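# Structural features, examined
The chain contents come next:
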Amino acid sequence: MELVTLKRFEKGFVTAGWFGVICGLCLLLVLNITLLTNIDLTFNNLYLLIYLTAPLSVLALFSKKSRSLGLWGLSIVLFIMIFTVIFFGLGWIVTPFP
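Treat the numbers as computed from the prediction; the structure is a model and nothing was measured.

Looking now at the overall build of the chain. For the chain, the count of helices and strands is four helices and zero strands. A total of 98 residues make up the chain; the buried ones form 24% of that total. Of the roughly 7,400 Å² that the chain leaves accessible, carbon and sulfur atoms contribute 77%.

So, on to the environment of Leu74. Secondary-structure assignment places Leu74 in helix H4 (residues 67-94). By relative accessible area, which is 26% here, Leu74 ends up partly exposed. When the C-alpha atoms of Leu74 and Ser57 are compared, they prove to be 5.9 Å apart, with 17 residues separating the residues in sequence. In contact with Leu74, other than residues within four places in its own chain, are Ala54, Ser57, Val58 and Leu61.

Of the residues in the chain, 89% reach a pLDDT of 70 or more, and the chain-wide mean stands at 84. Across the chain, element-level confidence peaks in H4 with a mean pLDDT of 90 and bottoms out in helix H1 (residues 2-8) with 64.

The subject of this paragraph is the nonpolar core. Counting five residues, the largest nonpolar core is built from Leu27, Val30, Leu46, Ile76 and Ile80. Listing elements by their share of this core, those giving two or more residues are helix H2 (10-37) and H4. Excluding its chain neighbours within four sequence positions, the residues that come into contact with Leu27 are Leu46, Leu49, Ile50, Thr53 and Ile80.

Once that is clear, we can look at the packing of aromatic side chains. As enumerated under the stated definition, the model contains four aromatic pairs in all. Between the aromatic rings of Phe13 and Phe62, the centroid separation amounts to 6.5 Å while the plane-to-plane angle is 55°, which identifies the pairing as tilted. In this pair, Phe13 sits in helix H2 while Phe62 sits in the loop between helix H3 (44-60) and H4, placing the two residues 49 residues apart along the sequence. Three or more aromatic residues link up through ring pairs in this structure, and these residues are Phe79, Phe83 and Phe87.

Turning our attention to the environment of Leu48. With respect to the helices and strands, the residue Leu48 is situated in helix H3. According to the relative accessible area criterion, Leu48 is partly exposed, its value standing at 48%. In this structure, the C-alpha to C-alpha distance between Leu48 and Cys23, residues 25 residues apart in sequence, is 9.7 Å.

Conventions and cut-offs
- Residues numbered from 1 in each chain as written.
- Predicted model: local features only at pLDDT ≥ 70, side-chain atom pairs only at ≥ 80, totals over all residues.
- Heavy atoms only, no water.
- Helix = DSSP H or I, 4+ residues; strand = E, 2+ residues; numbered from the N terminus.
- Buried < 20%, exposed > 50% of the residue type's maximum accessible area, 1.4 Å probe, protein only.
- Areas by Shrake-Rupley, 256 points an atom, 1.4 Å probe, with all protein chains shown as cover.
- Contact = heavy atoms within 4.5 Å.
- pLDDT = per-residue confidence, 0-100.
- Core = buried A, V, L, I, M, F, W, Y, C linked by side-chain atoms within 4.5 Å.
- Phe/Tyr/Trp six-rings, centres within 6.5 Å; stacked < 30°, edge-to-face > 60°.

Rendered as structure tokens:
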């Protein structure tokens, strides 16, 4: 009985997975543009994309068809978080008191 209800929402899980991956790729794009051009493109809506990508990717993990999309979205978010922590740590080592 439970499998029937999950099959009904299969298209929603796939859509959530694709939206999570696209949001993650947009985050990587903004991060690369910021680092390459030295122009600060961080804005409040950028954090909204982070907060949207993770739950949508977790939601996509519940279906077999969208599980790979969910893993892609979560790996992108995890990469961005680890990169930010390492980047901040290395910057703190070089110049501890700006």
